[in-house]
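One-letter residues, chain by chain:
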Amino acid sequence: MSLHGFFQNAYVTRDIDRAITVCGPTMGIGGFSAMDYELVLNTPAGDKRAQLRVATGWQGHLQVELIQPAAGYIEPYLGGLPQDRDAFVPRWHHLAVRRDDLGAGPLVAGQ
């Protein structure tokens, strides 16, 4: 996988407000913008709705995204979270890269 165009690290948390208070100073991010999202995820079992609270902030050219699963089909976000519902420390979820050619297909190892 090529990291050409790398711009984002994303983390999941059980409490986005508490995660922001930790990540802002720790990562040198002056502020986060938070929004609630409802989106449709395309799954092998068909389309499923998810509700998420998402906050993004920038440190230079790196965007940090914090994701709090809220309702609906949130299973893709739960795997990295601890069982303890009071544990809010963000856990790594994914990274994102920008592509120059949207028609090039998905990035795969070795490209």
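So, a few notes on the structure that sits alongside this text. Predicted, not measured: the structure shown is a model, and the values here were computed from it.

## Description of the environment of Asp84
Link 1 in the chain: Within the fold, Asp84 resides in the loop between helix 2 (75-78) and strand 5 (91-97).
Link 2 in the chain: Distance from Asp84 to Arg14, taken between C-alpha atoms, is 9.2 Å for residues 70 residues apart in sequence.

## Structural notes on helix 1 (residues 16-27)
Link 1 in the chain: Listing the buried residues of helix 1 in full gives Ile16, Ala19, Cys23 and Gly24. The buried residues of helix 1 occupy an angular sector of 125 degrees when projected down its axis, which confines them to one face. Exposed and facing more than 90 degrees away from the buried side of helix 1 are Thr21, Pro25 and Thr26.
Link 2 in the chain: Contacts made by the buried residues of helix 1 are with strand 3 (46-59) and strand 4 (62-72).
Link 3 in the chain: At the exit of helix 1 stands Gly28, carrying a positive phi of roughly 70 degrees.

## A closer look at a nonpolar patch on the surface
Link 1 in the chain: A cluster of nonpolar side chains, Phe6, Trp92 and Leu95, forms an exposed patch at the surface whose accessible area comes to about 290 Å².
Link 2 in the chain: Note on placement: Trp92 falls in strand 5.

Conventions adopted
The written sequence of each chain sets the order in which its residues are numbered from 1. Thresholds applied to this predicted model are a pLDDT of at least 70 for local features of residues and 80 or more for the giving and counting of side-chain atom pairs; totals over whole chains, interfaces and linings are not thresholded and use all residues. Note that water and hydrogens are dropped before the side-chain values are worked out from all heavy atoms of the structure. What counts as a helix is a DSSP run of H or I of at least four residues, what counts as a strand is a run of E of at least two, and both are numbered from the N terminus. The buried label goes to any residue with under 20% of its type's maximum accessible area, the exposed label to any with over 50%, and the partly exposed label to all in between, with areas taken from a 1.4 Å probe on protein chains only. An arc is given here, and it is the one of the directions from the helix axis to the C-beta atoms. Whether two residues touch is decided by their heavy atoms; if any such pair falls within 4.5 Å, the residues are in contact. Residues forming no salt bridge and having over 30% relative accessible area are the ones grouped into patches, like charges within 9 Å of each other and nonpolar side chains (Val, Leu, Ile, Met, Phe, Trp, Tyr) within 5 Å. Per-residue and other accessible areas follow the Shrake-Rupley method at a 1.4 Å probe size, with only the shown protein chains counted as cover for residues. Just to be clear on terms, a salt bridge is a Lys or Arg side-chain nitrogen sitting within 4 Å of an Asp or Glu carboxyl oxygen.

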